[in-house]
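Report on the structure
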Amino acid sequence: MTFLTCKGQENICMAVIPKAGSTSMEMAICGHGTGIRVENHEALSYENSVMFLRHPITRLTSCFSFFWWLHHYGRVTDIMPIELAANYESFIDHILANRDPHWQPQVELVRHEGVMVAKTVHKFEELQLHWGKYFKGLLPWANAHSKAVVTDYRKLDILEYYKDDLNLWGTL
């Protein structure tokens, strides 16, 4: 995974986590597509590294909604066979059998050789509260879309899959 830093803010980097506001955050910090990506091992050397951990079930719902929206509107993606986004059950079966940063546990994405790279972790749900501690300006919400309907299908498997994220989220 990568972290993001920007010209003029070289002392801080932020974890880039799909389906956890990273597009909006990059736009607010650097302007879309202008951020400097650094790999996890490089981010270890930064004075400040921050991660906004989204509740994993909310993130999963957002992920399904995003891919459902792509399916519903006939958009093509190479991340997931689009027909699997037609219903929640197919989507869950697919994500539990396949790794991808869009749904992979966030804690896994911000480790390097087993070490947590982010020195500071905040709940994504409290982003507005903490944003100004690190960055200037308002945070736009890009990629926002309506939420698709989800069920309790394979709930215990999902809770097990995201147990590290849930444990960390519960300590914040």
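Structure: see above.
Residues numbered from 1 in each chain as written. Predicted model: local features only at pLDDT ≥ 70, side-chain atom pairs only at ≥ 80, totals over all residues. Heavy atoms only, no water.

**Comments concerning the nonpolar core**
In this structure, F3, I17 and M51 are the most contacted members of the largest nonpolar core, which totals 18 residues. Among the elements of the structure, β2 (12–16), β4 (48–53), α5 (106–109) and α8 (163–171) are those that each provide at least two residues to this core. F91, A148, I158 and Y162 belong to the second largest nonpolar core, which has 17 residues in total. (Core = buried A, V, L, I, M, F, W, Y, C linked by side-chain atoms within 4.5 Å. Buried < 20%, exposed > 50% of the residue type's maximum accessible area, 1.4 Å probe, protein only. Helix = DSSP H or I, 4+ residues; strand = E, 2+ residues; numbered from the N terminus.)

**Points about the sheet that holds β2**
Here we have 5 strands laid out as an open sheet, ordered β3-β1-β2-β4-β7, and mixed in their pairing. Strands with a single pairing partner mark the edges of an open sheet, and in this sheet they are β3 (36–39) and β7 (120–123). Averaged over all adjacent pairs, the angle separating strand axes in this sheet is 35 degrees, with direction ignored. Strand direction decides the pairing type here: strand β1 (residues 2–5) and β2, joined by 3 bridges, are antiparallel. From the neighbouring strand, L4 faces β2, where its bridge partner is M14. (Pairing = 2+ DSSP bridges. Axes fitted to C-alpha atoms, helices over the stretch in contact; angles between N-to-C directions.)

**Structural notes on the side chain of S49**
Tracing the chain through its elements places S49 in strand β4. For S49, a relative accessible area of 2% puts it in the buried group. Here V117 takes part through its backbone oxygen, which lies 3.0 Å from a polar atom of the side chain of S49. (Polar contact = N/O pair within 3.5 Å; in protein donor to acceptor, adjacent residues only side chain to side chain.)

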